[in-house]
Amino acid sequence: MTDPTLVGPVAPSDLHAMTYNIRRRMPHLMRGNPDRWASRKWLMKLVLQAEQPTILGVQEAMSDQADFLTSSLGDHYDRVGHGRNSNGRGEACLIYFDTRRLRLVAWKQRALSATPDKPGSRGWGNHVPRTVVSAEFTDIATGSRVFAFVTHFDQLSRKSRLLSAAMIIELAKAAHASDPDALIVAMGDVNADVDSPVYAALTGDSVLCDSWEVADERLTPQWGTFSNYKRRRAGGKRIDLILVGPGVEVLRTGINAVRFDGAAASDHEPVQAVLREIRPATDAPAGLTDGQAS
């Protein structure tokens, strides 16, 4: 067994963001299969209890898995989001947040489609519904606004991924326009590598940038974020991303490829980052010069 802690709890005004494709629960798997939820959920609990992120973006959660994550994180966490189907069931993108630090102001779930307000809608080439969950928070410690977006792009349709990227950018632009000083973070499994047109669309408009690229410190090698329960591999594809807005400094980031006696908690590795709002400099009081104290 390996220590699962990569970042752990952070103190204000830092914010610990984490994105995690937890792999939907598959039925009728034999004991010993690494994908068996009944076995690997306890590994995931160890990771989440050790990390205690301020905000956690989750993909592929079924309702019982979502409840298990809530109990694993603790009573001071809440969540928003629901299943992607028209009846609110099925796989979900979810935002979990530490209520001791973040106060929920508003949230919304949209379909990644030409009719985003129609639950369960699709039509960009994806055969299953895809969603993005948006949430606005007030940071209780700093009073600042925090906008979070969590999503999961289609794995088959390039067109769907490109149009989904365009929607995320528009949502981030709207958040930034409403408050240029807000902390903006967009997280998820985009099913595209960093050399893809999808990645270029997400990061090429000066609204969002890749936390891995701009971090002051990288805590791990560049593990591939989709390992499919195999051994972790340096230099692999990064298809799970944490993107940040213009007013965000990335202090540390890492890909948490922890193994427990060789076993992984999911077929994806969680990505984590410690973020800090870049506060505008304030002018010194009249009569003071550099180096003087009042």
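Chemist: Kindly report on the layout of surface pockets, identifying the contributing residues and their values.
Modeler: Of the voids in this model, the largest pocket is the one considered here, and its volume is about 280 Å³. Along the lines of polarity and charge, the residues of the lining of the largest pocket split into 3 nonpolar, 5 polar and 8 charged.

Chemist: I'd love a proper account of the packing of aromatic side chains, names of residues and values included.
Modeler: Applying the stated criterion to the full structure yields 3 aromatic pairs. Plain terms: the ring middles of W37 and F68 are 5.8 Å apart, the flat faces sit at 80° to each other, and that makes the pair edge-to-face. Of this pair, W37 sits in helix α1 (residues 37–51) while F68 is found in helix α2 (residues 63–73), placing the two residues 31 residues apart along the sequence. Of the residues examined, W37 reaches a relative accessible area of 6% and is grouped as buried.

Chemist: Explain unusual backbone geometry to me, using residue names and the numbers behind them.
Modeler: The step from P12 to S13 runs through a cis peptide bond, and the omega angle for that step is 10°. Along the chain, the position of S13 falls in the segment before β1 (15–21). Despite not being glycine, D261 has its phi angle at roughly 50°, a positive value. Mapped onto the secondary structure, D261 falls in the loop between β12 (248–255) and β13 (271–277). Residue classification places D261 among the exposed positions, given a relative accessible area of 72%.

Chemist: With reference to specific residues and values, describe the nonpolar core.
Modeler: Ranked by size, the top nonpolar core spans 29 residues in total, and within it A17, I55, I95, F137, V185, I242 and L275 carry the most contacts. At the level of elements, β1, β4 (92–98), β6 (131–139), β7 (145–152), β8 (183–189), β11 (240–244), β12 and β13 are the ones that each hand at least two residues to this core. Leaving out residues up to four positions away in the same chain, L275 has contacts with S13, D14, L15, A17, L183, V185, V244, V248, E249 and V250. Within the second largest apolar cluster, 25 residues are counted, among which are F147, A175, L241 and L243.

Chemist: Give a detailed account of the environment of W124, specifying residues and quantitative values.
Modeler: Mapped onto the elements of the fold, W124 is located in the loop between β5 (102–111) and β6. Given the relative accessible area of 13%, W124 is considered buried. Along the chain, W124 and Q272 lie 148 residues apart, while their C-alpha atoms are 30 Å from each other.

Chemist: Could you give me a rundown of the packing of α1 against α2, with the residues and numbers involved?
Modeler: Two elements in contact, α1 and α2, have axes separated by 9 Å at closest approach and are oriented at 35°. Considering only the axes of α1 and α2, their crossing is right-handed. Within the contact between the two elements, α1 uses W37, R40, K41, W42, M44, K45, L48 and Q49 and α2 uses D64, Q65, F68, L69, S72 and L73. Looking at the contact of α1 with α2, its residues break down into 7 nonpolar, 3 polar and 4 charged.

Chemist: Hey, could you go over the pairing of β11 for me, with residue numbers and the actual values?
Modeler: The buried fraction of β11 amounts to 5 of the 5 residues, a majority that puts the element mostly inside the structure. Judged by which residues are buried, β11 turns out to be covered on both faces: D240, I242 and V244 on one side and L241 and L243 on the other are all buried. With 5 bridges joining them, β8 and β11 adopt antiparallel strand pairing. Note on β11: the bridge partner recorded for G188 is L241.

Chemist: Let's hear about the pattern of salt bridges: which residues, and what values?
Modeler: Within the structure shown, the criterion is met by 19 salt bridges. Residues R84 and E91 are paired through a salt bridge, measuring 3.4 Å at the closest nitrogen-oxygen approach. Accessibility expressed as a relative area gives 13% for R84, which makes it buried. One salt bridge in this structure joins E213 and R238, with 3.4 Å as the shortest N-O distance. Of this pair, E213 sits in helix α5 (residues 211–214) while R238 sits in the loop between β10 (217–218) and β11, and the two are 25 residues apart along the sequence. According to the relative accessible area criterion, R238 is buried, its value standing at 3%.

Chemist: I'd like a description of the sheet that holds β10, backed by residues and values.
Modeler: The 7 strands are arranged β3-β4-β2-β1-β13-β12-β10 in an open sheet whose pairing can be described as mixed. Where the open sheet ends on each side, the last strands, each with one partner, are β3 (77–80) and β10. Of the strand pairs in this sheet, β12 and β13 are connected by 7 bridges, and their pairing is antiparallel. Bridge pairing in β13 links E249 to R276. Packed on one face of the sheet, α1 meets β1, β2 (55–61) and β13 and runs near 165° to β1. Lying over the sheet, α2 contacts β2, β3 and β4, oriented at roughly 155° with respect to β2.

The rules we used
- Residues numbered from 1 in each chain as written.
- Predicted model: local features only at pLDDT ≥ 70, side-chain atom pairs only at ≥ 80, totals over all residues.
- Heavy atoms only, no water.
- 1 Å grid on protein atoms, 1.4 Å probe; cavity = no way out; pocket = protein on both sides within 12 Å on 5 of 7 lines; lining within 4 Å.
- Points joined across faces, edges and corners; volume = space filled by probe spheres on them.
- Nonpolar A, V, L, I, M, F, W, Y, C, P; charged D, E, K, R; others polar.
- Phe/Tyr/Trp six-rings, centres within 6.5 Å; stacked < 30°, edge-to-face > 60°.
- Helix = DSSP H or I, 4+ residues; strand = E, 2+ residues; numbered from the N terminus.
- Buried < 20%, exposed > 50% of the residue type's maximum accessible area, 1.4 Å probe, protein only.
- Core = buried A, V, L, I, M, F, W, Y, C linked by side-chain atoms within 4.5 Å.
- Contact = heavy atoms within 4.5 Å.
- Axes fitted to C-alpha atoms, helices over the stretch in contact; angles between N-to-C directions.
- Left-handed = near helix turned anticlockwise from the far one by under 90°.
- Pairing = 2+ DSSP bridges.
- Salt bridge = Lys/Arg side-chain N within 4 Å of Asp/Glu carboxyl O.

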